[in-house]
Each structure stands twice: as C-alpha cells, then as structure tokens.
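# Coordinate inspection notes
Given next are the chains, with one letter for each unit.
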Amino acid sequence: MPTLAHTIMRPLVLLASSLLVLGAARPHDCTNLHGAQVLRVVPERAGQVHYLRGLLLQGNYDFWTEPRAVGHPVDIMVRAFQLPQLKKTLSQVGLRYTVKISNVAALLAKERTTQEAARASGSRAMDWTSYHTYQEIMDWLESLAADHPDLCKVENVGSSFEGRTMKMLTLGKGGPGKPAIFIDGGIHAREWISPATVTYMINELVTKRDTYDDILSNVNFYFMPSINPDGYDYTFTDDRLWRKTRSDTNSLLGCMGVDPNRNWGFHWMEIGASDDPCSEVYAGTEPFSEVEMRNVRDQISQRSSSIKVYLTYHSYSQVWLYPWGWTSQPPEDWQDLKDLAQSAAEGVLSVHGTLYDVHNSGGAAGGSDDWAKGEANVKYSYTIELRDTGEYGFLLPPEQIIPTGEENLEGLKVVANFIKDTYDP
Ligand SMILES: [Zn+2]
C-alpha cells in the first residue's frame, strides 16, 4: 500500500519530470522552430545505440528517425536554444554529428507556399502533385468505388477520437478465398508521403485495371490509406510536425495524443516506448487505448485467415523492415521475410534507381507490424519507410510523390505476384 508521503510526492515528481520535457510537449509552432536544425549521428557501438534510445525516451528532442542499430543514421530535430546542450551531450558519448537540415523553419515555409499555390490554382480533386487533406482522400475513395463497383467497395469501419469516419477500400475480383494483402498508411501524422503513396498505388491498380488483371483476379487487397485521421488533419491546420493521435491523455500539462505505433497489443511497452503522455513515443494507458488502432485491428482480425501480407507505410529512410520490433531476435521464419523484402526492394530499385535497405526493425515494442505477425498470424509483415534519406525528411517536396508511388507500386507488384504463386488455392 502506498504511504501518505508517496501519495503526495508522486504527482509532484510526475509534474517535475513532465516540466523537463516541456520542449517536446509544445506544438512545433513557427516561433519555437526559428533556428531549429536536424542533426544526424551515426552510432558506431551498441552502447551509443542504447544511449540514443535513452535520449529519445527522455523526450527533450524530436527524433525524426529512430535509433535501430549500429551504422544506422539517427536524425534529431533540435531547437535553437537546445543546440549547445545536445552538442555537449553527444560529444560526451563520442558521437559526432553532421547538420542534415540547417533551417527547418525555412523548409516548412517553403512547403507551405507550395501547398497554398497548389490549392489556390486547382480544384480540391485528388491528384499526386500536391498533398491532400483527410476529407479529400476519403471523398476520392468513395468516388473511385462508385466508378468501379465491380472491382472495389468502400466501407465505414469506425470513427476516430474526434469523430472522423474511417474508411477501408476492398479491391479485387477473385472473390473470397483468394489470398489477401492488407495495407495501411499515415499512422504517423506528419509522414505525408505515406497516404500519398498508398493512394497513388490504389489509383494505378484501379484505373489501369486491365494491366493488373492477373493480380486483381488472384489477390484481394484491403487499403486504409490514412489511419490517424485526427493527427493527419492537425498537421494541416496546426502543427505540420505532429506525429501522434489527438486523444485526451489527462496530462497535467495538456499534452495530447498517443504514438499509435507504440499502442498495439503485442509485448506492449516492453522496449522503446514511454509512459509519459508528453513523449513522442507515449504508448498510451493500455494496449489499444486508441480507437483508431482498434478499428484497424478489428478489420485485420476479421480476415486474418486470408491475409498473408501486412504492409504499413511510413517515412522516412528508405527501408523495408521486418519483425520483430520488441526484440532484436528475429522470428523463426525471418529468412522468408527477408527474401521477399529483398525481391520487393529490387523491384523498387528498378524503377528510378532508389535504394531501399532491408533490415529487421528492433528497438521498439507496440508496432502494428509486430502485432500483425505475432497476434494475427500474418506471416509477411513489414514496415516500409519511404523516401527520402533525410535531405527533406518529412517535408518531402510534392514532385517526389509520383516517383515514390511508381517505385513502390513495383515493390507491391512483386509481393502480390509472390502471394498469388505461393498461395494459389
Ligand atoms: Zn512512422
């Protein structure tokens, strides 16, 4: 039983520790991003990887890429006032840094100008030359299904925390019994290239249906292109660099949202996740505390016997990651997963020469890919980190949407053909 002193002290300790991370709790508004930079470090020893993971969990800095393994670059956004402290901290553990993005605020301003110009000139109809809002994406899904009722259908599969309707598009004409691929995007709000790429692939498969007739006749697809609707909208209206959901966490400091890719119920909270609502990697109060993730989970669970592949698209760093995230040990069938990922990466490479690595994820529990494999028994489960390798990071210029879509459609075709041949009923 807690003592009286403990009962009184605990909120104070929580408050003090939350105040320390206030930098991370605050939205990334223009004022506090003046002078912000993205620094890159490349850990050379396991101890340095461990150190960086600890730094991420402390929550003082916004990690744009996560510490995974020795030799893998880690990008950290740092505000101007934090620069001296971070530089000192890094040098203490022998980590050298380079400046990857020297002026985050300027890049944000440039993107805003480009977006505003695109939206002023054209209609709000879907295209892949600018980034689109959640509502535009959902409206487009409905119109696509209405135009091709024999090939696809759209279902409402639940609501987000703030009440946005979540939709899933089912695509295929082979009927039930065919092996299936489940694809989602936009789990992290600021990774705009993810919904853009997933919708690009949907559009190609549907509007060029004759070209893809063999695949569409033998494989079923389930697509949810934007599974964190509240967070995604918030990146358009308030904070371009928001990552989490927008749920109420009852935080004393008003910190909102959960990292939806720490929220899945498989070895939840065991590694690389935080119990502090102000953290960018806050795992939530319990597994599946986030209604959006429950909605996606339920769709996968209902079809887990036919789903052979789960693909979840993120950005950035150009890599196909296979489980596990909760442990550095790979699953028993890791060679199968690695082989298929490598074939897919070769397909991607063949289009524009863009190199995607293949690697096990490691370092964070509660990811959707781990759950899909560990709980839903989807054998081929991958997290795909799209373009780029850090020149623009999350602020990828819209000219790169179509090339990213083209190369990833090639990767998806490799996977679909493999599934068709392997699970031919
Ligand atoms: Zn992500």
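What counts, and where the lines are drawn
Residues numbered from 1 in each chain as written. Predicted model: local features only at pLDDT ≥ 70, side-chain atom pairs only at ≥ 80, totals over all residues. Heavy atoms only, no water. Helix = DSSP H or I, 4+ residues; strand = E, 2+ residues; numbered from the N terminus. Rg over C-alpha atoms; globule rule 2.2 N^0.38 Å. Buried < 20%, exposed > 50% of the residue type's maximum accessible area, 1.4 Å probe, protein only. Contact = heavy atoms within 4.5 Å. Areas by Shrake-Rupley, 256 points an atom, 1.4 Å probe, with all protein chains shown as cover. Donors = N, O, S within 2.8 Å, 3.2 Å for Na, K, Ca; no water. Tetrahedral: all angles 85-135°; square planar, octahedral: opposite > 155°, others 65-115°. Domains from an automatic or database assignment. Buried area = accessible area lost by both parts, 1.4 Å probe. Salt bridge = Lys/Arg side-chain N within 4 Å of Asp/Glu carboxyl O. Polar contact = N/O pair within 3.5 Å; in protein donor to acceptor, adjacent residues only side chain to side chain. Pairing = 2+ DSSP bridges. Core = buried A, V, L, I, M, F, W, Y, C linked by side-chain atoms within 4.5 Å. Lys, Arg positive; Asp, Glu negative; His and termini not counted. Axes fitted to C-alpha atoms, helices over the stretch in contact; angles between N-to-C directions. Parallel < 35°, antiparallel > 145°, perpendicular 65-115°, else oblique. Nonpolar A, V, L, I, M, F, W, Y, C, P; charged D, E, K, R; others polar. Phe/Tyr/Trp six-rings, centres within 6.5 Å; stacked < 30°, edge-to-face > 60°. Lys NZ or Arg CZ within 6 Å of the ring centre and 35° of its normal.

Moving on to the overall build of the protein. Secondary structure summary: the protein contains 14 helices and twelve strands in total. Whereas a compact globule of 425 residues would reach a radius of gyration of roughly 22 Å, the protein reaches 21 Å, a difference of no more than 12%. With the C-alpha coordinates aligned to their principal axes, the bounding extent of the protein is approximately 65 × 55 × 40 Å. Scored against the burial criterion, the 425 residues of the protein give a buried share of 58%. Of the contacts made within the protein by residues no fewer than 6 positions apart, 76% connect residues no fewer than 24 positions apart. By element, 52% of the accessible surface of the protein is carried by carbon and sulfur atoms, the whole surface being about 17,000 Å².

Next up on the list: the coordination of the zinc ion. Coordination of the zinc ion by the protein comes from His188 (ND1), Glu191 (OE), Glu191 (OE) and His314 (ND1), over a distance range of 2.1 to 2.4 Å. Coordination at the zinc ion comes from four donor atoms whose angles at the metal span 57 to 151°, giving a geometry best classed as irregular. Read in sequence order, the donor residues for the zinc ion give the motif H-x2-E-x122-H. Remark: histidine 314 occurs in strand S9 (residues 307-315) and glutamate 191 occurs in the loop between strand S7 (180-185) and helix H8 (193-207); sequence separation between them is 123 residues. Residues glutamate 191 and histidine 314 agree in their burial class; the two are buried.

A separate point is the domain arrangement of the protein. Where interface size is given, it is often the accessible area lost as the parts come together that is meant. Its domain assignment divides the protein into domain 1 (4-102) and domain 2 (117-422). Each of domain 1 and domain 2 was reduced to a C-alpha centroid, and the two centroids are 26 Å apart. Opposite the 26 residues of domain 1 that make contact, domain 2 presents 32 residues. With both sides pooled, the region where domain 1 packs onto domain 2 buries about 2,300 Å², and carbon together with sulfur makes up 58% of that total. In this assembly, domain 1 and domain 2 are joined by four salt bridges. Across the pair aspartate 62 and arginine 190 runs a salt bridge whose closest N-O atoms are separated by 2.8 Å. Applying the counting criterion to the domain 1 and domain 2 interface returns eight residue pairs in polar contact (both at pLDDT 80 or more).

What follows is about the pairing of strand S8 (residues 220-224). Of all five residues making up S8, five are buried, and the element is well covered by its neighbours. Bridging between strand S6 (residues 165-171) and S8 involves three bridges; their strand directions are antiparallel. Each bridged residue has a counterpart across the sheet, and for leucine 171 the counterpart in S8 is phenylalanine 221. With five bridges joining them, S7 and S8 adopt parallel strand pairing.

This part covers the nonpolar core. Judged by nonpolar contacts, the single largest core of 79 residues is most densely connected at Leu171, Ile181, Phe221, Phe223, Leu311, Trp320 and Tyr382. When residues of this core are assigned to their parent elements, the largest contribution, eight residues, is made by H8. The contacts of phenylalanine 221, once residues within four sequence positions are left out, are Leu169, Thr170, Leu171, Ile181, Ile183, Leu205, Ile215, Leu216, Leu412 and Ala416. Leu55, Tyr61, Phe63 and Ile76 belong to the second largest nonpolar core, which has 15 residues in total.

What follows covers the side chain of aspartate 184. Locating aspartate 184 in the fold gives a position in strand S7. This buried residue, aspartate 184, is left without a salt bridge; arginine 303 holds the nearest opposite charge, at 12 Å. A polar contact of 2.5 Å, which involves the side chain of aspartate 184, links it to the side chain of tyrosine 310. At a separation of 2.6 Å, a polar atom in the side chain of aspartate 184 contacts the side chain of threonine 312. In this view, aspartate 184 contacts Val198, Met224, Ile227, Val296, Tyr310, Leu311, Thr312 and Tyr313; residues no more than four positions away in its chain are not counted.

On to the packing of helix H7 (residues 134-147) against H8. Where H7 contacts H8, the axes come no closer than 12 Å and their chain directions differ by 10°. Relative to H8, the element H7 lies roughly parallel. Within the contact between the two elements, H7 uses Ile137, Trp140, Leu141 and Leu144 and H8 uses Pro195, Thr199, Ile202, Asn203, Val206 and Thr207. For the contact of H7 with H8, the residue count by class is seven nonpolar, three polar and no charged.

The next subject is the packing of aromatic side chains. Within this structure, the stated rule accounts for 19 aromatic pairs. When the centroid spacing of 6.5 Å and the interplanar angle of 65° are considered together, the rings of tryptophan 192 and tyrosine 232 count as edge-to-face. Placement of tryptophan 192 in the loop between S7 and H8 and of tyrosine 232 in helix H10 (residues 229-237) is noted, with a sequence separation of 40 residues between them. In this structure, tryptophan 192 and tyrosine 232 share a single accessibility class: buried. Seen from the ring of tryptophan 192, arginine 240 lies directly overhead, with NZ or CZ sitting 3.6 Å from the centre. The positively charged end of arginine 246 is found above the aromatic ring belonging to tyrosine 234, 3.6 Å away from the centroid.

Our next topic: the environment of glutamate 162. Checked against the element boundaries, glutamate 162 lands in the loop between strand S5 (152-159) and S6. With a relative accessible area of 42%, glutamate 162 lands in the partly exposed category. Between the C-alpha atoms of glutamate 162 and proline 43, which are 119 residues apart in sequence, the distance is 40 Å. Of note is the side chain of glutamate 162, whose polar atom sits 2.7 Å from the side chain of arginine 164.

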